[in-house]
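# Secondary and tertiary structure notes
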Amino acid sequence: MLLLRTNKLLRRLTLSQFIELLGAAFFNIALLVYASQTSNPKLATTVVVIANTLPTILQIGLGYIADKAHDKLRLMILTRIIQAILYSILTILFGLTTNDWLLFSFIIFINVASDLLSGLTSLAALPIIKHIVASQDLLAARSLQVSVMSLVNVIGQVIGVTLLTFLDNHFLYFSLFNALLFLISGIILIVSRRQFNQKLKVTSHQNATSTLPEARFWSSMQINRRIIQTNKKLLHILFLFTLLNLLVGSIDGLISLTLLQYPSIYIKNYGFSLSIVNTMLAIGLVSGSFFTNDFLKRIKLNMLIIILLLFLTLLSLNLVLSPSIYVIVMSFFGIGYTLGKISPRVSTYVMTSVAEKQLGQIAGFMNTLVTLSVPIGQLIFLTIANSVSLNSAWISMIVLSMLLILYTLSYKVA
């Protein structure tokens, strides 16, 4: 909060990103609501889920584009304006056609395009943050960014559904409101453009006078692969962070199946119990990234990873031996809180150890890898749960957590 008060440019950049992410979260939930009203809701919902995953998988390519942009602030402003135009076009389409599948196709296209643009701007913002924030404050700045993104994920869908209900499911007005959000997000950057450019003029000068040859996409990917391979610490962090997300991303599906098997531990009912568990994970993630000066501040990254794995082990042991909803809730909060500490540290290390010209691509590669790890983990553990037993899936979680703890102790990634 002190950093936000004292750093005007970071404050405006964060506000712009918050409004943009809010608009994206709003329409992602609205898209699911619209899909549920089509003539084939199951097919439409499946398409939405796949479409929402696509932009993150393509972040390697987005990172390449972000790194090649000499004026990254201009790129961010331009994408905000394009997003506002896209949702304005969608508003017009809502008024012109009543064919649900034709309209649904346009909605999917515009939403995916908008999410791709959001991914591009988030990667383009990394070098900007690096230059408007002092090096000793980078961890606090990235923690703030993670907490903002997590907070949007927690409240965005709730507010979006509430607003859509208030508008009586009039998607035309909802789309127009979304266009206004992206426009406001862009205006915040436009108003502050002179101050940003004054701060970034050294970077702009370096980009303009650079004699380094421009590498093509695949050549650039080979360069980035060599960068990661030669930086052993980065390689180990990437490996650990990917596997951590594979495990954490799998517990959502497993806990949904597990609660079905143990109705005696419910708080009120199944839906309420599941929502409490997932909410505690989200609250833990927001809290962990927001409170940077807590008792975990001086604990090194490898120990934080071990603490998270121990929470996963506690959760798994509880569900194998004697399921308790209170232990589940506590474990989910602990997992979220610790992950909220780990994510900013990993991001900060990447920002400080990777050259600016490759920063977007390396970050995009990591985002793609982490995103792919979640469905792979779900496939592995849900297959074990359905083909063998739920207990076998949780025991597999314990075994993998223990192996990762041993790996973490072997390689000092602090």
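Look up: the structure comes first, before these words.
Before going into details, it helps to say that this report is about the structure given with it.

Next up on the list: the side chain of Ser287. Secondary-structure assignment places Ser287 in helix 12 (residues 270-290). Classification of Ser287 by relative accessible area gives buried; the value is 14%. Setting aside anything within four residues of it in sequence, one finds Ser287 in contact with Phe333 and Tyr337.

Under the defined criterion, the tally for this structure stands at 10 aromatic pairs. Each ring, one from Tyr87 and one from Phe182, has its centre 5.4 Å from the other, and the planes form 10 degrees; the classification is stacked. Of this pair, Tyr87 sits in helix 5 (residues 72-96) while Phe182 sits in helix 8 (residues 171-191), and the two are 95 residues apart along the sequence. No difference in accessibility class separates Tyr87 from Phe182, as the two residues are buried.

This part covers the environment of Gln83. Along the chain, Gln83 falls in helix 5. Separated by 32 residues in sequence, Gln83 and Asp115 have C-alpha atoms that sit 9.0 Å apart. For Gln83, the contacting residues outside a window of four places in its chain are Glu20, Ser114, Leu117, Ser118 and Phe182.

This part takes up the pattern of salt bridges. Scanning the entire structure with this criterion turns up two salt bridges. Linking Glu20 and Arg80 is a salt bridge whose minimum nitrogen-to-oxygen distance equals 3.7 Å. Of this pair, Glu20 sits in helix 2 (residues 8-36) while Arg80 sits in helix 5, and the two are 60 residues apart along the sequence. In this pair, the class of Glu20 matches that of Arg80, namely buried. In this structure, Asp71 engages Arg193 in a salt bridge whose closest nitrogen and oxygen atoms are separated by 3.3 Å. Here Arg193 lies in helix 9 (residues 193-209) and Asp71 lies in the loop between helix 4 (59-68) and helix 5, a separation of 122 residues in the sequence. Judged by relative accessible area, Asp71 falls into the partly exposed class, the value being 31%.

Below, the discussion takes up the nonpolar core. One finds Ile255, Leu312, Ile328, Ile342 and Trp394 to be the most contacted residues of the largest nonpolar core, which totals 50 residues. Broken down by secondary-structure element, the contributors of at least two residues to this core are helix 11 (232-261), helix 12, helix 13 (301-321), helix 14 (325-353), helix 15 (356-387) and helix 16 (390-410). Residue contributions to this core peak at 13 residues, all from helix 11. Setting aside residues up to four positions removed in sequence, Ile328 forms contacts with Ile255, Leu259, Ile265, Val277, Leu315, Asn318 and Leu319. Counting residues in hydrophobic clusters, the runner-up holds 36 residues, among them Leu22, Tyr34, Val112 and Ala113.

Rules and cut-offs
- Residues numbered from 1 in each chain as written.
- Predicted model: local features only at pLDDT ≥ 70, side-chain atom pairs only at ≥ 80, totals over all residues.
- Heavy atoms only, no water.
- Helix = DSSP H or I, 4+ residues; strand = E, 2+ residues; numbered from the N terminus.
- Buried < 20%, exposed > 50% of the residue type's maximum accessible area, 1.4 Å probe, protein only.
- Contact = heavy atoms within 4.5 Å.
- Phe/Tyr/Trp six-rings, centres within 6.5 Å; stacked < 30°, edge-to-face > 60°.
- Salt bridge = Lys/Arg side-chain N within 4 Å of Asp/Glu carboxyl O.
- Core = buried A, V, L, I, M, F, W, Y, C linked by side-chain atoms within 4.5 Å.

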